[in-house]
Amino acid sequence: MPNSIFKPGILCLITLFLALSSKGNENTLEIASELAQQAVESSLALKIATDLTTDIGPRLYGSESEKRAVEWARARFEEYGFDNIWSEPFPVDRGWERGLETASITHPAPQNLVITALGGSVPTPEGGIEAEVVVFRTIQALLDQPEGSLDGKIAVVTQAMEIGGYGRFSGPIRQNGPSEAAKRGAIAYLMRSAGTDNDRMAHTGVTSYQPGVRRIPAAALSVPDAQQIDRLANRHKSIRIKLLLTPKELGTVTSHNLIAEITGSQKPDEVILLGAHIDSWDLGTGAIDDGAGVGVVMAASKLIRDLPNPPKRTIRVVLFGAEEIGIYGGNYYVEKHRDELSKHIIAVEADAGQGPVHTFNIGIGNPLDPSLSIIRKALESLGVKAGRAKSRGGPDIAPMSNVGVPVVGLDMFTGDYFDLHHTANDTIDKIVPERINQSAAVYVTFAYLASELGGYYRAEN
Ligand SMILES: [Zn+2]
């Protein structure tokens, strides 16, 4: 923590000293440490993620499977004895279902390619298309082309995603790439997967079409296939690819946020919010994205539910729907709960895989809140260091952070996350008990301490 934050906070230091030295806090810290131990010993987060990915499987937004997942979570929270459990339906105007997806190089060295349609892509014309390709090593090289320069061609972008570069990559290349190619005349768009693996496996993920621009079919190539196209482009003037995609657009579909609460014993109207998203892409079973997060927040809240005394504030778990197609659940939550957001004390989300959690970053108005030092210390014993970045919490809670709800980021190790993310290989066997158990221990520690101690996270306090 930089010194400058503490300088004006003499009063605060005194408060902190009093807070730390009180008997009540000792008990609270003891309970938090027992909860963390139970999270590890029970491996409950992994059990929950295993049940979700086995009994439900993939959970594409707006699908019957996503609905089954919501009902599964409702039944589970009932079994855990939560006080209030309800779901909130909302419309998603981009209903979509994957179809067949094949591609091959037809000239000069015929071979099959491993591809997958980007989420929301339009189909190819019946029977597919075959055309000459234009290869771009960077998205900028494509953007530099004049209108009409890609008439009748398939645009292929082979730019590699660097580790840690997902945000910078997915927007310009996966989401905007197809429309930019279409503006220049392309009839289809292929990109190197947004992934850090070298497996022959493609990564899906949402694409979007700019209004008023012709919508062209769009798919991701596995990394080795994109590299193969690069090598061919170095050696040959002309490469032709055949592409077939048959996804269906379903118009407006319904998704749900599932909400479950443990009512606070002293400040029931004040909410500590734990989020994760219940939907997943359809290729794997959504284990790291975001079955692990669902397991972590459900396990953390269940352990708090089992305490002999309920927490002071209300613990609210929100399992958001339709995250993958564009944070529909997170945005709907803010719209629906606008009137009570001022009573949201703090929110945290688990949506970056299985962990472990390495850094505690805050995105709150009052960094001097004395409880933060206590929480930092407690998390330190679990291997979590205090960070200096301003957190936006996570994709589904960013909309509430944007309108002033204090958030924290319990930031997870993501060094291998983008090897599996949005692929058929995102399955439960990839989850390592020690990693997800540490995450659950960190989340339960944070949630419990925030409920018992925190409360002045807003700037006005
Ligand atoms: Zn996710």
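Report on the accompanying structure.

Scoring rules and cut-offs
- Residues numbered from 1 in each chain as written.
- Predicted model: local features only at pLDDT ≥ 70, side-chain atom pairs only at ≥ 80, totals over all residues.
- Heavy atoms only, no water.
- Donors = N, O, S within 2.8 Å, 3.2 Å for Na, K, Ca; no water.
- Tetrahedral: all angles 85-135°; square planar, octahedral: opposite > 155°, others 65-115°.
- Helix = DSSP H or I, 4+ residues; strand = E, 2+ residues; numbered from the N terminus.
- Buried < 20%, exposed > 50% of the residue type's maximum accessible area, 1.4 Å probe, protein only.
- Pairing = 2+ DSSP bridges.
- Phe/Tyr/Trp six-rings, centres within 6.5 Å; stacked < 30°, edge-to-face > 60°.
- Axes fitted to C-alpha atoms, helices over the stretch in contact; angles between N-to-C directions.
- Contact = heavy atoms within 4.5 Å.

## Observations regarding the coordination of the zinc ion
The textbook angles at a metal center are 109.5 degrees for a tetrahedron of four donors and 90 or 180 degrees for an octahedron of six.
Thought 1: At this site the zinc ion is bound by His 277 (NE2), Asp 289 (OD), Asp 351 (OD) and Asp 351 (OD), with donor distances of 1.9 to 2.7 Å.
Thought 2: In this structure, the zinc ion is coordinated by four donor atoms arranged in irregular fashion, with angles at the metal of 51 to 149°.
Thought 3: Every donor residue of the zinc ion comes from the same chain, spaced as H-x11-D-x61-D. Here the residue Asp 289 occupies a position in helix H10 (residues 287–305), and Asp 351 occupies one in the loop between strand S13 (344–349) and strand S14 (357–363), the gap between them amounting to 62 residues. Neither residue differs from the other here; Asp 289 and Asp 351 are each classed as buried.

## Thoughts on the pairing of strand S2 (residues 101–107)
Thought 1: The pairing of S2 with strand S9 (residues 240–245) spans six bridges and is classified as antiparallel. Within S9, the position partnered with Ala 103 by the bridge is Leu 243.
Thought 2: What sits between the antiparallel neighbours S2 and strand S3 (residues 111–113) is a turn of three residues.

## Quick look at the packing of aromatic side chains
Thought 1: All chains considered together, the criterion is met by 10 aromatic pairs.
Thought 2: Measuring from ring centre to ring centre gives 6.4 Å for Tyr 61 and Trp 281, while their planes differ by 90°; the resulting arrangement is edge-to-face. Placement of the pair is Tyr 61 in the loop between helix H4 (44–56) and helix H5 (64–80) and Trp 281 in the loop between strand S11 (267–277) and H10, with a sequence separation of 220 residues. For the residue pair Tyr 61 and Trp 281, the accessibility class agrees, reading buried in each case.
Thought 3: An aromatic cluster is defined as three or more aromatic residues linked by ring pairs; in this entry it consists of Tyr 61, Trp 96 and Trp 281.

## Topic: the sheet that holds S9
Thought 1: Taken in spatial order, the eight strands of this open sheet run S3-S2-S9-S5-S6-S7-S8-S4, and their pairing is mixed. Each edge of the sheet is formed by a strand with only one pairing partner; in this case those strands are S3 and strand S4 (115–117). Ignoring strand direction, the axes of neighbouring strands in this sheet form an average angle of 30°.
Thought 2: Pairing between strand S5 (residues 129–136) and S9: four bridges, direction antiparallel. Directly across from Ala 131, in S9, lies its bridge partner Ile 241.
Thought 3: On top of the sheet, helix H7 (residues 166–175) reaches strand S6 (154–157) and strand S7 (188–192); it is set at about 155° to S7, its chief contact.
Thought 4: Sitting on the sheet, helix H9 (residues 223–235) touches S2, S3, S5, S6, S7, strand S8 (218–221) and S9, and the angle it makes with S3 is about 130°.

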